[in-house]
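If you want the building blocks of each chain, they are given just below.
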Amino acid sequence: PGFAIGGSGGQPSSQTLPLGANVTAITVSAVNSAGVALPSNIVATTTLGVPAMVSDLVHTTETASTVVLNWTVPWSDPRAPITSFEVRYTVGSLVHTTVTESVTSGFVIGGNGGSPPSEPLARGTIVSDINVRAVNRLGVALKSNTVVTSTLELPPAVTDLELVTVTATSVLLNWTVPKSDLRAPILGYQLRYTVNGISHPPVFLNSSVLSQFRIGGGNASEALPRGANITNIDLRAVNLVGVASKSNDIFTTTLQVPPAITSLRVGRVTPSTVEVLWSPPLDDVRAPVVNFEVRYSVNGVSQPPVVVGAGNTSFTLREGSPGAPFAEGTVISDIDVRGTNSVGTAAISNVVAAATLSRPGPPRLVRFTQVTATTLQLEWTPPLFDGGSDITEFVVNFTVNGQKFVVRTNSTASLLLGSGAGSPPSQKLPWGANVTAVTVVAVNSVGLGLNHSVAVSGRTHSPPASVRQLAWLDIDATTLTLQWLEPVFNGGLPITGYDVTYTWGGMIYTIRVAPNASSFVLGGGGGDPPSSPIPSGTAVTDVTARAINDVAPGVSAPPLTARTLAPPGAVGTLIVSNRTATTLGLTWTRPSTDGGAPVIGYRVTYTVDGTPMSVLIDASRTELIFGGGRGSPPSEALPWGAHVTDINVFAVNRVGGSTQAPVGGPVSAMTLAPPGPVQTVVVTNIFETSVLIGWAVPFSNGGAP
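What comes next concerns the included structure. (Residues numbered from 1 in each chain as written. Predicted model: local features only at pLDDT ≥ 70, side-chain atom pairs only at ≥ 80, totals over all residues. Heavy atoms only, no water.)

## Considering the packing of aromatic side chains
Argument step 1. Under the defined criterion, the tally for this structure stands at 10 aromatic pairs.
Argument step 2. Relative to Tyr498, the ring of Trp484 has its centre 5.4 Å away and its plane inclined at 50°; by these criteria the two rings are tilted. One end of the pair, Trp484, is in strand β35 (residues 480-485); the other, Tyr498, is in strand β36 (residues 497-504), with 14 residues separating them in the sequence.
Argument step 3. Take Trp484: its relative accessible area is 3%, and that puts it in the buried class.
Argument step 4. Three or more aromatic residues link up through ring pairs in this structure, and these residues are Tyr502, Trp504 and Tyr509.
Argument step 5. Directly above the aromatic system of Phe489 lies the positively charged group of Arg459, at a separation of 5.7 Å from the ring centroid. (Phe/Tyr/Trp six-rings, centres within 6.5 Å; stacked < 30°, edge-to-face > 60°. Helix = DSSP H or I, 4+ residues; strand = E, 2+ residues; numbered from the N terminus. Buried < 20%, exposed > 50% of the residue type's maximum accessible area, 1.4 Å probe, protein only. Lys NZ or Arg CZ within 6 Å of the ring centre and 35° of its normal.)

Pasting the structure below:
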């Protein structure tokens with residue numbers, strides 16, 4: 001009931017048919033022993049085959065990493081439909097094959113599709129021998145037409161970037177538009193540059209045909225500063241792929257005003273003109289100097305600028321330049337020269353000043369720097385302005401104690417007055433000379449300066465003045481303390497010491513004491529040589545003091561006289577009075593001399609029945625009642641009939657007690673007592689009614705009648 005043509009059955013066997021073979025005129029005839037029957041109806045068919053070949057493969061879109069392919073899906077036998085497409089392409093020497101995951105009419109090489117995935121391509125990669133083959137269950141069709149393409153790439157680098165013009169605030173650039181792939185045309189340019197070391201943000205030039213651009217001309221590029229260093233200028237074309245590599249690197253500097261002149265100097269000066277000189281600045285050849293402006297002031301008044309040609313390197317100033325000559329001694333100040341170019345005028349040059357020749361100005365800082373007893377060192381600073389001519393000498397005017405002198409000297413800054421220097425010679429000055437109205441006048445080739453210096457005064461050194469308020473500070477038994485105030489004037493030099501002179505015992509003594517001293521103790525052992533103690537009560541005469549400096553001793557102060565302290569003299573006559581049974585009154589008169597110190601009391605000494613006693617009485621009193629409880633210690637009560645002997649009174653001061661017995665002393669006395677017994681009582685007469693008794697007077701009446 002059936003037979004497989006190409007199935008190897010039958011006799012002879014049926015050979016295998018090729019794929020897609022057209023089998024036509026197929027008939028079947030039955031066969032028996034009688035023979036072969038008539039043929040059956042005729043049929044025709046084809047064997048199954050691979051799909052048809054793709055014939056319209058094209059590449060439609062390229063990017064930097066992919067290539068898009070498109071084709072028409074070819075006819076295929078419905079009995080064996082297309083299941084996928086095999087895409088083949090060559091990159092370099094490597095052949096890549098990937099199979100689509102479905103029946104499609106397009107594929108992206110580098111788009112990560114297919115199996116195995118198609119990896120992204122590099123920019124500008126040439127993809128050749130691209131073909132597509134349909135695939136069904138029977139196999140792979142013949143390869144399609146072959147195409148070649150490449151991925152897109154960055155624009156070429158600009159290689160001829162150049163400067164066209166440069167101004168003070170902008171730079172004009174020019175370049176040739178680089179050839180680019182029409183599939184990825186240039187969209188614009190990215191411009192980069194650095195201004196004075198600071199990178200400027202990139203500027204995008206939105207034009208594909210632009211071949212010039214002005215940096216600093218606006219359009220996101222602000223004006224450049226004058227004289228700016230514009231470096232690292234590079235231009236990069238931009239397309240949809242990205243930014244090209246950098247162009248050739250160029251740099252420049254914007255134009256600026258000429259450099260400031262730093263070599264301005266004064267040339268020849270006359271009494272009526274001043275010449276100024278300068279070296280031309282190293283200007284930019286792109287903006288050369290076209291002229292110079294000379295600016296100046298006359299006697300402090302600014303003048304209009306004078307314009308001179310670019311070829312000049314000097315100019316002579318005169319009144320109203322050019323104009324009438326300046327007057328002698330005219331001060332030309334604030335002179336500066338500035339170059340001018342197409343950009344503008346340069347900054348101020350170094351400033352100079354001058355003056356037409358004239359008599360010099362006054363010397364400055366006239367002062368005395370060193371003083372001795374017979375000379376004064378006068379010094380000064382030369383005038384600020386010498387009149388434009390070297391100073392040849394100085395004339396010094398001064399007055400000494402009212403007498404005027406004039407001395408000339410060629411010294412540049414000093415004269416020793418009193419040393420014999422100068423012309424005529426400056427004679428030696430006396431001690432303490434009052435040098436006043438000292439002025440110095442400069443002289444140059446024009447003549448004597450019109451002004452003299454500020455007048456100064458000075459004084460030569462002299463011995464110090466006399467010490468002041470010489471007086472006694474303290475007097476003691478063996479010393480005398482002298483005090484004084486320093487002199488009003490030290491003679492112009494520090495006090496180096498004081499001499500204290502005095503006389504006693506027929507000898508004159510001079511003692512040197514320290515310069516900071518204001519007192520001295522005569523007899524206290526101080527000084528040089530040491531002052532020896534002075535005996536008590538000794539008269540010291542002609543006492544004086546004088547200050548000393550390095551010139552000589554000063555004048556001695558008016559002399560003083562003093563005496564060292566001594567005990568008081570003897571008290572006056574002692575008188576015993578007012579005797580009672582237990583007391584004795586004693587009076588005296590004050591001593592004729594207190595020894596130089598006030599009497600502070602009286603020492604009373606006495607003996608009572610052989611026992612020595614002593615009491616101290618206040619200086620205000622000149623009496624004492626023995627036994628009356630006064631004195632120190634208190635005078636105790638005396639017994640009746642006590643014998644008080646060797647009574648003496650001595651005045652006392654702070655030196656001590658008197659060494660002289662009182663006038664009429666010592667004295668003695670006795671307190672009162674009952675009388676002694678009467679002697680020899682007898683009856684002398686007997687009368688009728690009376691008896692007459694007689695007796696002898698007692699040997700002692702007890703001190704009272």
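## Looking at the sheet that holds strand β27 (residues 364-371)
Argument step 1. Pairing in this open sheet of 3 strands is antiparallel, and the strands run β27-β28-β31 from one edge to the other. Each of the sheet's edge strands pairs with one partner strand only, and the pair in question is β27 and β31 (414-417). Geometrically, the sheet is characterised by an average inter-axis angle of 20° between neighbouring strands, direction not taken into account.
Argument step 2. Here strand β28 (residues 376-381) pairs with β31 via 4 bridges, running antiparallel. What sits directly across from Gln377, in β31, is Leu416. (Pairing = 2+ DSSP bridges. Axes fitted to C-alpha atoms, helices over the stretch in contact; angles between N-to-C directions.)

## A few points about the pairing of strand β7 (residues 106-109)
Argument step 1. Every second residue of β7 is oriented toward a common face, the buried set being Phe107 and Ile109 and the non-buried set Gly106 and Val108.
Argument step 2. In this structure, strand β4 (residues 67-70) lies alongside β7, joined through 4 bridges in antiparallel fashion. Among the inter-strand pairings, Val67 is bridged to a residue of β7, identified as Ile109.

## Brief notes about the environment of Ala347
Argument step 1. Mapping Ala347 onto the fold places it in the loop between β25 (331-340) and β26 (352-355).
Argument step 2. Put simply, Ala347 and Pro598 are 251 residues apart on the chain and 95 Å apart in space, counted from C-alpha to C-alpha.

## Some thoughts on the sheet that holds strand β41 (residues 575-577)
Argument step 1. As summarised here, the arrangement of the 3 strands in space is β41-β42-β45, forming an open sheet in which the pairing is antiparallel. The open sheet has two edge strands, β41 and β45 (623-626), and neither has a second partner. The sheet shows a mean angle of 25° between the axes of neighbouring strands, taken without regard to direction.
Argument step 2. One ladder, built from 3 bridges, connects β41 with strand β42 (residues 584-587); its direction is antiparallel. Bridging from a neighbouring strand, Val576 pairs with Leu586 of β42.

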